[in-house]
Amino acid sequence: MTEVVDTSTVLQVSDLSITFASKRGRVSALEGIDLDVQAGEFITIAGPSGCGKSTLLKAVAGLTAPSGGSVHLRGDPVTGPRQDIGFVFQRAALLEWRNVRGNILLQAEMRGMNMRKAQERTDELIEMTGLSGFERALPHELSGGMQQRVSLCRALLHEPRVLLMDEPFGALDALTRERMNVEFNRIWSQTGTSVLLVTHSVAEAVYLASRVVVMSPRPGRIIEEHVVDLPARRDYAETLESSEFHRVSSRVRELLGSPSDAD
Amino acid sequence: MTVTDQKSGGSPSGSNGRSSVAGGFLRWWLQSWHPIVFLAVVIVLWWLVTAQGWVQPYIIPAPSDTWAAFAENAEYLLQHTWVTTYETLIGFAIAGVAGLLVAVIMVYSKGLEKTFYPVILFAQVIPKIAIAPLFIVWLGFGAAPKILVAVLMAFFPVVISGLAGLRSVDPEILQLVSTMGASRLKVLLKVRLPAALPELLSGLKVAATLAVTGAVVGEFVGANEGLGYVILQANGILDTAMLFAALIIMSVMGVVLFAIIQIAEKFLIPWHASRRDVAAATVRF
């Protein structure tokens, strides 16, 4: 989406359904999900809590097995934990005993990457996410927003083709969240990775996305998809005032049945 | 005693232009005066009770007599202290390594966990004093049966704390590393073990104190050296002063072991919540 327009399909989800066995019988989390993601696309998945958004991400990552249908990532069926992805959780999930650098480099150590390259890439990412000066800080010394940046750096270190983000900014306060959105928009436009981001904030969903996917609750189904026809690199205030933003966000809100933004 | 300045520990050192040695001492005193004062009070009471003749010396010896027992038998006590220390340390080390190993195995294999758990629990609930004679029969009168009792005593808390620690890893972190294609060994060494350290060290502290008890219990049942032997000998001739001396040495041993682990914590898990914001974390004993 940045330089070369690559329209190859990175992710193909076909007729995916996932059911969980619980004490009260079988619960259907996802039903008949069809979703194609092109290289460099930014997909946001908006939906009420418990609509199986997170389950969808985990199925793509190979952390949850599908009950029906299939997931293909870069042409290969997903059968177990995938290594060609980056994952960001709602909580930063950092190792308490490692400093910022160490937490980012965990990715490289676990993968057995070339450490010199990984070090250089870490420097770049720290610079890009505004963590400079905090390389040696431990997680508990960082704010929630900074912890999440570390988590993002870790997920980007191995330059994954697909970045999966499960409400990455959901635990942040509204102001920090906006700033992270703006920064992340810039980072994404610089890296060109495909992103699948789950959120329950309509503003976040529409601001970040090249395409918004709206899901219904229990069982999770895709109700509508909306392409956001705005340039990849977006100014926050400008975007929020644009008619395109209004068109998509009011429709998404209508579908989710909430009169105002949840966040 | 500067009782006027009773602010509890943690206050920044108010080195009012004096030498750093005096400032350091003041700071140390402010943080650790509680047990020292308490100990002093106990000793004064002890002295009072015996000096007034309220209690017969063969029941509670005077502090001075106990001190004399130390001073006059220094070499004898040192020799036997060394034996018990040796048994305790070896027992503790074996229990630490074996306990952690078993905990790791149990974390990775549900089947082995189910197999081991009842056996370990069974070994834990057997009164060690009751099983010690059997060890003498099996292993003779040397150090081995004492070490075995110490191992048996210290093993359980290590397994339990190790297990809890290894399981304390955030499940999301485990999911994350599973997308990094790391081997189990790598995950164990870089994620699980470091995460287990806080719990494990707590367990090791308990284990250290129990290892001392184990060694002495072993000596009670059949030995010709060690502090347990000293106590039996002293008891036989109603030499309470010697008995007290041996008791004090044993307690100090346990406390020192405990303190060593406490200090190790400071270096191994400086990141952990229990160690944060502890200004000049001195061991408070």
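## Side note on helix α4 (residues 144-156) of chain A
So, step 1. End to end, α4 of chain A covers 19 Å across 13 residues, agreeing with the expected 18 Å (1.5 Å per residue, within 8%).
So, step 2. A large share of α4 of chain A lies buried, amounting to 11 of its 13 residues.
So, step 3. G145, M146, Q148, R149, V150, S151, L152, C153, R154, A155 and L156 of chain A are the residues of α4 of chain A that are buried.
So, step 4. Summarising the contacts, the buried residues of α4 of chain A are in contact with β6 (85-88), α2 (100-111), α3 (115-128), β7 (162-166) and α5 (174-191) of chain A together with α7 (171-178) of chain B.

## As for the nonpolar core
So, step 1. Formed by 91 residues in total, the largest nonpolar core has its most connected members in L11, L16, L164 and L196 of chain A.
So, step 2. No other element matches the 13 residues that helix α8 (residues 184-221) of chain B contributes to this core.
So, step 3. Excluding residues that lie within four positions of it along the chain, L16 of chain A makes contacts with L30, E31, G32, I33, L56, A59, P66, G68, G69 and V71 of chain A.

## Here we look at the sheet that holds strand β3 (residues 42-46) of chain A
Residues and elements named next belong to chain A.
So, step 1. Spatially, β6-β7-β8-β3-β9-β10 is the arrangement adopted by the six strands of the open sheet, whose pairing is mixed. Both edges of this open sheet fall to β6 and β10 (221-227), since each of them pairs with a single strand only. Within this sheet the neighbouring strands show an average axis-to-axis angle of 15°, counted without direction.
So, step 2. In the packing of helix α1 (residues 53-61) onto the sheet, contacts are made with β3, β6, β7, β8 (194-199) and β9 (211-216), and the angle to β7 comes to roughly 150°.

## With respect to the environment of L142 of chain A
So, step 1. Within the secondary structure, L142 of chain A is located in the loop between α3 and α4.
So, step 2. Filtering out sequence-adjacent residues up to four positions away, L142 of chain A remains in contact with V100, F134, A137, Q147 and V150 of chain A.

## Re the packing of helix α3 (residues 74-108) of chain B against helix α9 (residues 227-236) of chain B
All names here are of chain B.
So, step 1. Packing of α3 against α9 brings their axes to within 7 Å, and their N-to-C directions diverge by 130°. Viewed along their axes, α3 and α9 adopt a mutual orientation that is oblique. Along the contact surface, α3 presents Y76, L77, H80, T81 and T84, while α9 presents L227, Y229, V230 and Q233.
So, step 2. Residues belonging to the contact of α3 with α9 are distributed by class as follows: five nonpolar, four polar and no charged.

## Some thoughts on the domain arrangement of chain A
Residue and element names in this part refer to chain A.
So, step 1. With domains assigned, chain A is organised as domain 1 (1-84 + 160-263) and domain 2 (95-159).
So, step 2. Counting residues at the interface gives 18 residues for domain 1, matched by 12 residues for domain 2.
So, step 3. For the pairing of domain 1 and domain 2, the buried interface totals around 1200 Å² over both sides, and the portion due to carbon and sulfur atoms is 65%.
So, step 4. Considering only the side of domain 1, the residues that lose the most area to domain 2 are P160, M180 and I187, jointly responsible for 37% of the buried surface there.
So, step 5. There are one salt bridge connecting domain 1 and domain 2.
So, step 6. Put simply, R149 and E183 hold a salt bridge, and the shortest N to O gap is 3.4 Å.
So, step 7. Listed by contribution, the elements that provide at least two residues to the side of domain 1 that touches domain 2 are β7 and α5.
So, step 8. Tallying contributions element by element places α5 first for the side of domain 1 that touches domain 2, with nine residues.
So, step 9. Classifying every residue of the side of domain 1 that touches domain 2 gives nine nonpolar, five polar and four charged.

## Observations concerning the packing of aromatic side chains
So, step 1. Counted under the stated rule, the structure contains 11 aromatic pairs over all chains.
So, step 2. Taking the centre distance of 5.6 Å and the plane angle of 35° together, the rings of F25 of chain B and W28 of chain B count as tilted. Residue F25 of chain B and its partner W28 of chain B are located together in helix α1 (residues 20-51), separated by three residues, close to a single helical turn.
So, step 3. Here W28 of chain B falls in the partly exposed class, since its relative accessible area comes to 36%.
So, step 4. Judged by centre distance (6.3 Å) and plane angle (50°), the ring pair of W28 of chain B and W29 of chain B falls under tilted.
So, step 5. Among the aromatic residues, those joined into a cluster by ring pairs are F42, F169, F184 and W188 of chain A.

## Considering the interface of chain B and chain A
So, step 1. Listed as interface residues are 19 residues of chain B and, on the opposing side, 24 residues of chain A.
So, step 2. When chain B packs against chain A, close to 2100 Å² is buried across both sides, 63% of that on carbon and sulfur atoms.
So, step 3. For chain B, the biggest contributors to the area lost against chain A are T179, M180 and W271 of chain B; these three give 31% of the whole.
So, step 4. Note that K190 of chain B is salt-bridged to E109 of chain A, the shortest N-O span being 2.7 Å.
So, step 5. Between chain B and chain A we count six residue pairs in polar contact (both at pLDDT 80 or more) in total.
So, step 6. Mapped onto the side of chain B that touches chain A, the elements with two or more residues apiece are α7 and α8 of chain B.
So, step 7. Looking at side-chain class alone, the side of chain B that touches chain A contains 10 nonpolar, four polar and five charged residues.

## Observations concerning the pairing of strand β2 (residues 25-38) of chain A
So, step 1. Taken together, the 10 bridges between strand β1 (residues 9-22) of chain A and β2 of chain A define a ladder with antiparallel strand orientation. Bridge pairing in β2 of chain A places S22 of chain A opposite G25 of chain A.

## Quick word on the sheet that holds strand β5 (residues 76-77) of chain A
So, step 1. If you walk across this open sheet you meet the four strands as β2-β1-β4-β5 (chain A), and the pairing is antiparallel. Only two strands of the sheet have a single neighbouring strand rather than two, namely β2 and β5 of chain A.

## Some details on the pairing of strand β4 (residues 68-73) of chain A
Remark: a regular strand shows side chains that alternate across the two faces of the sheet.
Residues and elements named next belong to chain A.
So, step 1. Summarising the sheet, β1 and β4 pair through five bridges and their orientation is antiparallel. If you follow S17 over to β4, its bridge partner there is G68.
So, step 2. Relative to β5, β4 runs antiparallel, the two sharing two bridges. Following the sheet pairing, H72 is matched in β5 by P77.

## Quick word on the packing of helix α5 (residues 128-139) of chain B against helix α6 (residues 144-167) of chain B
Residue and element names in this part refer to chain B.
So, step 1. Where α5 contacts α6, the axes come no closer than 9 Å and their chain directions differ by 145°. Relative to α6, the crossing made by α5 is right-handed. Facing K128, I131, A132, F135, I136 and L139 of α5, the residues of α6 in contact are A144, P145, L148, V149, L152 and M153.
So, step 2. Per-class residue counts for the contact of α5 with α6 are 11 nonpolar, no polar and one charged.

## Some words on the side chain of T64 of chain A
Residue and element names in this part refer to chain A.
So, step 1. With respect to the helices and strands, the residue T64 is situated in the loop between α1 and β4.
So, step 2. Look at T64 and you get buried, because its relative accessible area is 15%.
So, step 3. Other than its neighbours up to four places away in sequence, T64 contacts I18, F20, T55, K58 and A59.

Each value, and the rule that gives it
- Residues numbered from 1 in each chain as written.
- Chains lettered and ligands numbered in written order.
- Predicted model: local features only at pLDDT ≥ 70, side-chain atom pairs only at ≥ 80, totals over all residues.
- Heavy atoms only, no water.
- Helix = DSSP H or I, 4+ residues; strand = E, 2+ residues; numbered from the N terminus.
- Expected span 1.5 Å × (residues − 1).
- Buried < 20%, exposed > 50% of the residue type's maximum accessible area, 1.4 Å probe, protein only.
- Contact = heavy atoms within 4.5 Å.
- Core = buried A, V, L, I, M, F, W, Y, C linked by side-chain atoms within 4.5 Å.
- Pairing = 2+ DSSP bridges.
- Axes fitted to C-alpha atoms, helices over the stretch in contact; angles between N-to-C directions.
- Parallel < 35°, antiparallel > 145°, perpendicular 65-115°, else oblique.
- Nonpolar A, V, L, I, M, F, W, Y, C, P; charged D, E, K, R; others polar.
- Domains from an automatic or database assignment.
- Buried area = accessible area lost by both parts, 1.4 Å probe.
- Salt bridge = Lys/Arg side-chain N within 4 Å of Asp/Glu carboxyl O.
- Phe/Tyr/Trp six-rings, centres within 6.5 Å; stacked < 30°, edge-to-face > 60°.
- Polar contact = N/O pair within 3.5 Å; in protein donor to acceptor, adjacent residues only side chain to side chain.
- Left-handed = near helix turned anticlockwise from the far one by under 90°.

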